[in-house]
Amino acid sequence: MTDSQELSELADRYLPPSIATPWKAMLKPAIQFGSAAGNDVVAAQLGGDPDLPVGEPWPVWEGRGPLSFIAAFDCAALRVAGFPLPEAGSLLFFYFDGQADDHDAVVGAFVPGTQDGARVVYVPAGAATERRSAPAPLKPYRRQLLRAEPVWTVPEPGSAAVAGAFGAEAAEKDDHPLNADAFVEAIYEEVSVSVCHQVGGYPMSVQHPVEYEVNQVAAELVGPAGSAEYREADRWHLLAQIDSDDASGMMWGDVGMLYWLIQESDLAAGRFDRAAFTWQCS
């Protein structure tokens, strides 16, 4: 588990106090996942078949085909401070991975009109559900049960969160203390894990900070009249990230990651249909 005390000590070691103090206040708790075994409480499922509400149609991208089931998270097992998930029920994540189409998957922030290729379905507690098999021609990913592991996460160099707290130069200039190689390497040595499935906290971007990407699809999600409220990239919060994972047979491009981000107001209101999707690979 990533320890907030160790992260704070690294900040004090590498940063001047005027920067270390506000940076430490930005640390966010999150949930990451490890393989469940024995008496572990199962908090998430990767792959396999989902439990969908009775009568709920399988998510489809019209004109392209059905979406693959990626993961299910048990909201009751994922209590993250400051991150208002529903107290119960489950969140199901689906993604158009190209199995149902002759072309490679094209879903993402940089391809307009593709957000229907990713979907989040909230299943309320107590809803009548049924185990559903993926429609042809989809082949399900290997089922894997996961336990929840509380961690602390850090704002990424160059992110909108850093720019908002410390000014644009903190996100843009290599000579800013937050971008110094020694500090960045020490922090990432502390927080990096080989496979990083996560709910809440700061995302772990494969390339540049992902909130800039999802900010580009905001107008598509809410329409021109409402796009102003989605103008700022730092208003997006990580709902879930799903890493490439050999155990489930998941590979997103070249060892990439899937990301769903959501606005705080939509998260609080349970408007998971307004989550935005992107993905990155190395």
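Residues numbered from 1 in each chain as written. Predicted model: local features only at pLDDT ≥ 70, side-chain atom pairs only at ≥ 80, totals over all residues. Heavy atoms only, no water.

Enquirer: Explain the nonpolar core to me, please; I cannot follow it from the model alone.
Expert: Generally speaking, a soluble globular protein has its nonpolar side chains buried in company with each other. In terms of nonpolar packing, the biggest core is built from 46 residues, with Phe33, Ile70, Phe73, Leu239, Ile242 and Trp260 touching the most fellow members. Those elements that provide at least two residues to this core are strand 1 (28-35), strand 2 (44-46), strand 6 (68-74), strand 7 (90-95), strand 8 (118-123), strand 12 (236-243) and strand 13 (257-263). In terms of nonpolar packing, the next biggest core, distinct from the first, is built from 21 residues, Ala11, Met26, Val162 and Tyr202 among them. (Core = buried A, V, L, I, M, F, W, Y, C linked by side-chain atoms within 4.5 Å. Buried < 20%, exposed > 50% of the residue type's maximum accessible area, 1.4 Å probe, protein only. Helix = DSSP H or I, 4+ residues; strand = E, 2+ residues; numbered from the N terminus.)

Enquirer: Explanation requested: the layout of surface pockets in the structure shown.
Expert: Empty pockets left among the atoms are what a rolling probe the size of a water molecule brings to light. Empty space within the largest pocket amounts to approximately 250 Å³. If you tally residues by element for the lining of the largest pocket, the top one is strand 6, at four residues. Its residues assigned to classes, the lining of the largest pocket comprises nine nonpolar, three polar and three charged. (1 Å grid on protein atoms, 1.4 Å probe; cavity = no way out; pocket = protein on both sides within 12 Å on 5 of 7 lines; lining within 4 Å. Points joined across faces, edges and corners; volume = space filled by probe spheres on them. Nonpolar A, V, L, I, M, F, W, Y, C, P; charged D, E, K, R; others polar.)

Enquirer: Got a minute to help me understand helix 1 (residues 4-14) in this structure?
Expert: Side chains that are three or four residues apart share a direction in an α-helix, a result of its 3.6 residues per turn. All buried positions along helix 1 are accounted for by Leu7, Ser8, Leu10 and Ala11. Within helix 1, the buried residues cover an arc of 160 degrees as seen down the axis, which keeps them to one side. Those residues of helix 1 that are buried lie in contact with helix 2 (17-25), strand 10 (144-153) and helix 5 (181-191). (Arc of directions from axis to C-beta. Contact = heavy atoms within 4.5 Å.)

Enquirer: Just to check I follow, could you spell out the pairing of strand 6 for this structure?
Expert: Within a regular strand, side chains alternate between the sheet's two faces. Strand 6 sits mainly inside the fold: six of its seven residues count as buried. Inspection of the sheet shows strand 2 paired to strand 6 by three bridges, in the antiparallel sense. Among the inter-strand pairings, Ala44 is bridged to a residue of strand 6, identified as Phe73. In terms of strand pairing, strand 6 meets strand 7 through six bridges, oriented antiparallel. Considered in strand 7, the bridge of Ser68 is made with Tyr95. (Pairing = 2+ DSSP bridges.)

Enquirer: Is there a simple way to think about the environment of Ala30 in this case?
Expert: Residue position: Ala30 is located in strand 1. With 119 residues separating them in the primary sequence, Ala30 and Glu149 have C-alpha atoms 8.4 Å apart. Here Ala30 is in contact with Val80, Glu149, Pro150, Val151, Thr153, Gln198, Val199, Gly200 and Gly201, once residues within four sequence places are set aside.

Enquirer: I'm lost on helix 2 in this one. Help?
Expert: Of the residues making up helix 2, those classed as buried are Ile19, Ala20 and Trp23. Take helix 2 and look down its axis: the buried residues cluster within an arc of 100 degrees, on one side only. For helix 2, exposure combined with an orientation more than 90 degrees from the buried face picks out Pro17, Ser18, Thr21 and Ala25. Packed against the buried residues of helix 2 are helix 1, helix 3 (160-166) and helix 5.

Enquirer: I tried to follow a negative patch on the surface on my own but got confused; where do I start?
Expert: Where like charges cluster on the molecular surface, the negative patch consists of Asp174, Asp175, Asp181, Glu185 and Glu189. You can see Glu185 is positioned in helix 5. Of the residues examined, Glu185 reaches a relative accessible area of 54% and is grouped as exposed. (Patch = residues over 30% accessible without salt bridge, like charges linked within 9 Å, V, L, I, M, F, W, Y side chains within 5 Å. Areas by Shrake-Rupley, 256 points an atom, 1.4 Å probe, with all protein chains shown as cover. Salt bridge = Lys/Arg side-chain N within 4 Å of Asp/Glu carboxyl O. Lys, Arg positive; Asp, Glu negative; His and termini not counted. Charge placed at Lys NZ, Arg CZ, Asp CG, Glu CD.)

Enquirer: Is there a simple way to explain the pairing of strand 12 in this structure?
Expert: Burial of strand 12 is extensive: eight of the eight residues sit out of reach of the surface. Relative to strand 13, strand 12 runs antiparallel, the two sharing seven bridges. Opposite Leu238, over in strand 13, you have Leu261 as the bridge partner.

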